[in-house]
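One-letter residues, chain by chain:
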Amino acid sequence: MTTLPKRLAGAPGGSRGKWFVLVAWLILVVALGPLAGKLGEVEESGPNAFLPRGAESARVNTELEKFRTDTLMPAVVVYTGEGAAAKAGADRARFAPYVAEGEQLPPAAPSDDGEALLAVVPLSYEDELTDTVDKLRDIAGANAPPGVEAEIGGPAAALTDSVAVFDTLDSTLMIATGLVVAVLLLITYRSPLLWLFPLMSVGFAAVLTQVGTYLLAKYGHLPVDPQSAGILMVLVFGVGTDYALLLIARYREELHRQEDRHEAMKTALRRSGPAILASAGTVAVGLAALAFADINSSRSLGLVGAVGVVCAFLAMITVLPALLVIAGRWVFWPFVPRFGTPSRREGTVWSRIGALVARRPRWSWLMSVGVTGVLALSAFGIDMGLRQSQMFQDKPESVVAQELISAHYPSGASDPAKVVTRADRAADVESAVRDVKGVARVEDGGERTPDGRLATLSVVLTDTPDSAAAKDTVDRLRDAVRTVDGADALVGGATAQTLDTQRAADRDLRTVIPVVLVVVLVVLILLLRALVAPLLLLATVVLSYFAALGASNLLFESVFGFAGVDWSIPLMGFVFLVALGIDYNIFLMHRVREEALRIGHTRGVLEGLTSTGGVITSAGVVLAATFAVFAALPLVTMAQMGVIVGIGVLLDTFLVRTVLVPALALDLGRRFWWPGRLVARGAPGGPAGPAGRPAGERSPERV
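Chains are numbered independently. Their residues run from 1 in the order of the written sequence. Owing to the predicted nature of the model, reporting of local features is limited to residues with pLDDT of at least 70; listing and counting of side-chain atom pairs is limited to 80 or more, with chain, interface and lining totals taken over all residues. Only hydrogens and water are set aside; all other atoms, that is, all heavy atoms of the structure, feed into the side-chain values.

### Some words on the sheet that holds strand β6 (residues 439-442)
- Pairs of strands are assigned from DSSP output, requiring at least two bridges between the strands. Per the convention used, a helix needs a DSSP run of H or I reaching at least four residues, while a strand needs a run of E reaching at least two, with both numbered from the N terminus. One open sheet accounts for 4 strands, arranged β6-β7-β5-β8; its pairing is antiparallel. Of all strands in the sheet, those with a lone pairing partner are β6 and β8 (490-492), marking the two edges. Averaged over neighbouring strand pairs, the angle between their axes works out to 30° when direction is ignored.
- Two elements, β6 and strand β7 (residues 454-461), share 3 bridges in a ladder whose sense is antiparallel. Counted as the bridge partner of Arg-441 is Val-460 from β7. Under this scheme, a helix contributes an axis fitted over its contacting stretch, all axes are lines through C-alpha atoms, and angles between N-to-C directions fall in the 0 to 180 degree range.

Rendered as C-alpha cells:
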C-alpha cells in the first residue's frame, strides 16, 4: 500500500481521527436520516416491476395505459353452494360503490355445471386497490347463508395478497435478522458489551444504505422493488457483520502485540483492509453484474444489493474502528486481550484440523469433492417453475378462488390473455384468435383508446393461466396475430408474463454467469498475484454452488413440500453464493499468502487456517443464519433463496474453506501460487528474526 492509503486506512484508529470519523457519521445520519424513511416512496410495484425489460407482455402493459386515464384491474368473486345466487345478488348491490368510474358491474355468470357463479368487479388500479379488495372481502364474507362460500380472486386479489406479504416484510426481516445477529454475536464473543459495536455500526450502514438507495432511485433511475428492498437490509446485516468479525479478530490479535490500542487498530486495518476491500469489491461487482439481466426484479436486486455492500464496507472500516478505539480494551471484557500475552492458537480445533488435512492432503480434497459432488447430483433433477397457486407457503384467498374457478369454469376465465392491436384490424385479429387451439372464447366489449387507434381483445384460455398448456396457447396466439398484416398485435396478460419471465431467466443465466465468473477471477488474480490459486478457488465455489442447489432441492421436496423451484432461484442463488462464498476464500487466502511470505508455503497454509478458522466460521454462521430468516417467510421464492444461500454459505465455511482449499494448497505445494513469486520461494530457514520471523524474511507490512 502507498503512504496515502496507509494514512487513510489508519485515520479511524488515530487518537484524533477516531473523533473526526464518529462526528462525521453522526452528522451524516442526523442530516440524511429522514431520507431513509422515504425508500418506500420510490419502490416500483407496478405490473412491469418483475417482468423482463422489452418483453412483449411488458409492452402490452405499457400499451394498456393508453386506454384509460386510470388502469383497470378486476377482482373476481366465485360463489359456490346452495343459495349462492341470492348471496351474489345481494353482494352485487354492495359492490357497486367500488366499481371503477365509467364501468358497469355485470351480473354473476353461472358455470356450465350449475354449481358456481362468477362475478367480475372492475376496479381502478389508481384508487386504493388493496383497501378496496379488503372491503370487497368483508362484504363477501358477511351474511353468507350456511354452506355458501364466496372467495375473491383475480388479478386485483392476487396483487393484494402479494402486497400483504411485502407490507410487513421489511419490519419482520429487520427484527428477525437483528435478533439472530445479536444472539450469534453474544455466543461468538461471550462478552456482554462487544456485540453491541458491530450492531451499532451495521445501524449506521443501514441508514446510509437506505439514503443512498433512495437518492439513486429518485435521481439516478435505480430500479427498486419491494422484494429487493426487503433483501437489502438482510444483506447489509450479513456482510457488515462478516467484515466486523474479521476486523475485530485482527484487532484483538494486535492488542496482544502492541500496547497502544491506536497503533493496534491501525495495524489491524492495514492488514485486514485489503481482504475486506477485495471481498466487498467482489460481492458488489458480482451483484452489479445483474445489471446485464433482462428481468427487472433481478436487475433491481443486484444493483440495490451492490449499494448495500458498499455502504456496509464503508461503515465497517470507518465508524466501527473509531467506536472500538474510543471504547478501549474493556469492550472485550471478560476476555480482555492484554499486551504481551500470547494469542491462543496451539491446540485449538483449527490447528488440529490443519494437522489432519496436512497429513493426507490429497485424500482430504478428494473426499471433499466427493461429498459436494454427491450433493450436486440432486441439482440435475430439479422441477423448474412455480404456478401462481404455488408461490405461497400458505394458500391466500386469491389462490383458493382460482382453484374454484378452475374446477367450474374455463381455467383462464379469472385472468384472460390481453391482445392489443390496431383498431382497424381488430376484426381480423379476433377472427385469427378464435381459431387458435386452447382458446375458450373471446369476450365482448373490447376497449379502444381515446384517439381510436388501438383496440383490445380479452381472450379466455381453456387452461389455468400459469400452466404449460396455457403457455403453449400464448405462443400459438402470438403466431396467429402476427399473420394479420398491419395489425401490429401484441399478446400479454398473466400467462404471457409467466412465459416471458421463464424465457428471460434462461437468457439471464447464459449472460450473467460468465460475467460474474470473470469478475471474481480478476479480483482473485489481483489479490493473490497468481493464476492457479484463483482458478482453483473459483472452481471450489462453483462446485459448492451446485452442491448447495442439490441439497436445497432435497429439502424443498422432502421437508418443505415445494412443488418446484422458481425460475429466478438458479441465477440469484449463483450470484449470491459465488460472490458471498468467495469471501471466505479471500479471507483465508489473503492471510495464507501473508504467512507464506513470512514462514513458507506449508506452514503459511496451516497458520492461515489456524488464524482465520474461528472468525471465518463465526462469519459464515452469522451470514447463513441471516439468510435462513427467509425460510420462515410466506413467499416461496424468498424462502428458497434463504435456504440455498444459507446451505451454500455453510458448505463454504465448514467444508470448502476448512478442508478443500487448504488440502489443494498443500497438495500442490508452491505450484499453487504459479506464476507468482511465491513459486520460487522455499520455506524460510535460519534463526528467527524480529517478532519471530526467520532471519532475512521481510515484514508482512512491507508486502
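### Brief notes about the packing of helix α19 (residues 532-560) against helix α20 (residues 569-599)
- At a closest axis distance of 9 Å, the pairing of α19 and α20 adopts a crossing angle of 135°. The orientation of α19 with respect to α20, classified from their angle, is oblique. Considering only the axes of α19 and α20, their crossing is right-handed. In this structure, α19 contributes Leu-537, Leu-538, Thr-540, Val-541, Val-542, Tyr-545 and Ala-548 to the contact, and α20 contributes Pro-570, Gly-573, Phe-574, Leu-577, Val-578, Gly-581, Ile-582, Asn-585 and Met-589.
- When grouped by side-chain class, the residues that make up the contact of α19 with α20 number 12 nonpolar, 4 polar and no charged. These descriptions rest on fixed angle ranges, namely under 35 degrees for roughly parallel, over 145 for roughly antiparallel, 65 to 115 for roughly perpendicular, and the rest for oblique. Definitions for this section: a left-handed crossing has its near helix turned counterclockwise from the far helix by less than a right angle. A right-handed crossing has that turn clockwise. Two residues qualify as a contact provided that any one of their heavy atoms is within 4.5 Å of a heavy atom in the partner residue. Throughout this entry, Asp, Glu, Lys and Arg are counted as charged residues, while Ala, Val, Leu, Ile, Met, Phe, Trp, Tyr, Cys and Pro are counted as nonpolar. The remaining residues, Gly among them, count as polar.

### Quick look at empty space enclosed by the protein
- Throughout, the protein atoms alone are placed on a 1 Å grid, and a set of points is a cavity if a 1.4 Å probe fits but cannot get out or a pocket if it is open with protein on both sides within 12 Å along at least five of seven lines; lining residues have an atom within 4 Å of a point. Grid points are joined across faces, edges and corners, and a volume is the space filled by probe spheres set on the points. As enumerated under the stated definition, the model contains 5 cavities of 30 Å³ or more in all.
- The volume enclosed by the largest cavity comes to roughly 130 Å³.
- What lines the largest cavity is a set of 13 residues, among which Leu-246, Arg-250, Phe-587, Arg-591 and Thr-612 lie closest to the centre.
- Every element with two or more residues in the lining of the largest cavity is listed here: α9 (226-257), α10 (261-288), α20 and α21 (601-628).
- Its residues assigned to classes, the lining of the largest cavity shows 5 nonpolar, 4 polar and 4 charged.

### So, the packing of aromatic side chains
- Aromatic rings from Phe, Tyr and Trp, taking only the six-membered ring of Trp, are treated as a pair when their centres fall within 6.5 Å; an angle between ring planes under 30 degrees marks them as stacked, one over 60 as edge-to-face, and anything in between as tilted. Applying the stated criterion to the full structure yields 11 aromatic pairs.
- Between Tyr-545 and Phe-546 the ring centres are 5.1 Å apart and the planes differ by 65°, which places this aromatic pair in the edge-to-face class.
- Look at Phe-627 and Phe-630: their rings are 5.7 Å apart centre to centre, the planes differ by 75°, and that puts the pair in the edge-to-face class. Take Phe-627 and Phe-630: they sit in the same class, and that class is buried. Accessibility here uses a 1.4 Å probe with only protein chains present; expressed as a share of the type maximum, an area under 20% marks a residue as buried, one over 50% as exposed, and anything in between as partly exposed.

### Focus: a negative patch on the surface
- On the surface, a cluster of negative charge is contributed by Glu-128, Asp-131, Asp-134 and Asp-138.
- Examined against the element boundaries, Asp-134 turns out to sit in helix α5 (residues 129-141). Residues enter patches when their relative accessible area tops 30% and they take part in no salt bridge; the joining distance is 9 Å for like charges and 5 Å for the nonpolar side chains Val, Leu, Ile, Met, Phe, Trp and Tyr. Here the accessible surface of atoms and residues is derived via Shrake-Rupley with a 1.4 Å probe, and residues count as covered only by protein chains that are part of the display. We count a salt bridge whenever a side-chain nitrogen from Lys or Arg sits within 4 Å of a carboxyl oxygen from Asp or Glu. In this tally, Asp and Glu contribute negative charge and Lys and Arg positive charge; neither His nor the terminal groups of the chain are included. Charged side chains are reduced to one point each, which is NZ for Lys, CZ for Arg, CG for Asp and CD for Glu.

### Considering the pattern of salt bridges
- Scanning all chains against the criterion turns up 25 salt bridges.
- The shortest N-O distance in the salt bridge between Arg-482 and Glu-56 comes to 3.1 Å. Pair noted here: Arg-482 is in helix α17 (residues 468-482) and Glu-56 is in helix α3 (residues 56-64), with a separation of 426 residues, a long-range link.
- Look at Arg-482 and you get exposed, because its relative accessible area is 52%.
- Look at the salt bridges and you will find they share partners, linking Arg-250, Glu-253, Glu-254, Arg-257, Arg-271, Arg-591, Glu-594, Glu-595 and Arg-598 into a network.

### So, α10
- Note that the bend at a residue is defined as the angle between axes fitted to the seven residues ending at it and the seven residues starting at it. When the local axis directions of α10 are compared, the greatest deviation, roughly 45°, occurs at Ser-272, which is followed within four positions by the proline Pro-274.
- Of the residues flanking the start of α10, the one acting as N-cap is Asp-260, its side-chain oxygen 2.8 Å from the backbone nitrogen of His-262. Here a polar contact is recorded for every N or O atom pair within 3.5 Å, except that within protein the pair must consist of a potential hydrogen donor and a potential acceptor, and residues adjacent in sequence are included only if both atoms are side-chain atoms.

### What to know about the confidence of the model for the protein chain
- Known as pLDDT, the predictor's per-residue confidence is scaled from 0 to 100. Across the protein chain, pLDDT averages 83, with 91% of residues at or above 70.
- Confidence drops under a pLDDT of 50 for residues 683-703, and excluding neighbours within four residues, the segment shows 39 contacts in the predicted structure.

### A look at the sheet that holds strand β2 (residues 109-110)
- Taken in spatial order, the 4 strands line up as β2-β3-β1-β4 in an open sheet, and their pairing is antiparallel. The open sheet is flanked by β2 and β4 (149-153), the only strands paired with a single partner.
- Across the face of the sheet, helix α4 (residues 84-95) comes into contact with β1 (72-80) and β3 (116-124) while running at roughly 155° to β1.
- Sheet contacts for helix α15 (residues 397-408): β1, β3 and β4; angle to β4, the most-contacted strand, approximately 110°.

### Focus: the pairing of strand β5 (residues 417-422)
- As defined by bridge partners, β5 adjoins β7 across 6 bridges and the pair is classed as antiparallel. Bridge pairing in β7 places Val-419 opposite Leu-457.
- Inspection of the sheet shows β5 paired to β8 by 3 bridges, in the antiparallel sense. Counted as the bridge partner of Val-419 is Val-491 from β8.

### Focus on the packing of helix α13 (residues 349-359) against helix α22 (residues 636-668)
- For the pair α13 and α22, interaxial distance at closest approach is 9 Å and the crossing angle is 45°. Judged by the angle between their axes, α13 and α22 are oblique. Crossing of α13 over α22 shows right-handed handedness. Side by side, α13 and α22 meet where Trp-350, Ile-353, Val-357 and Ala-358 of the first sit next to Arg-657, Thr-658, Val-659, Pro-662, Ala-663 and Leu-666 of the second.
- When its residues are assigned to classes, the contact of α13 with α22 shows 8 nonpolar, 1 polar and 1 charged.

### Notes on the nonpolar core
- Buried residues of nine kinds, namely Ala, Val, Leu, Ile, Met, Phe, Trp, Tyr and Cys, make up a nonpolar core once their side-chain atoms join them within 4.5 Å. Among the nonpolar cores identified, the biggest contains 157 residues, and Tyr-243 and Phe-576 are the most heavily contacted of them.
- Residues contacting Tyr-243, with those up to four places away along its chain left out, are Ile-276, Ser-279, Ala-280, Val-283, Val-309, Phe-313, Met-316, Asp-583 and Phe-587.
- Grouped together as the second largest cluster of nonpolar side chains are 23 residues, Phe-95, Ala-140, Ile-152 and Ala-157 included.

### Comments concerning the side chain of Asp-242
- Tracing the sequence through the fold places Asp-242 in helix α9.
- Of the side chains bearing the opposite charge, Arg-657 lies closest to the buried Asp-242, which forms no salt bridge; the N-O distance is 11 Å.
- Discounting chain neighbours no more than four positions away, the residues touching Asp-242 are Tyr-584, Ala-619, Gly-620 and Leu-623.

### Points about a nonpolar patch on the surface
- Together, Trp-363, Met-367 and Val-371 line one region of the surface with nonpolar side chains, adding up to about 270 Å² of accessible area.
- For Trp-363, the location among the structural elements is in helix α14 (residues 361-377).

### Comments concerning unusual backbone geometry
- Note the cis peptide between Trp-333 and Pro-334, where omega equals 10°.
- Relative to the helices and strands, Pro-334 resides in the loop between α12 (319-327) and α13.
- Cis geometry marks the peptide bond from Trp-674 to Pro-675, where omega comes out at 0°.
- You can see Pro-675 is positioned in the segment after α22.
- Despite not being glycine, Arg-190 has its phi angle at roughly 50°, a positive value.
- Located in the positive-phi region is Asp-488, a residue other than glycine, with phi close to 50°.
- Tracing the chain through its elements places Asp-488 in the loop between α17 and β8.

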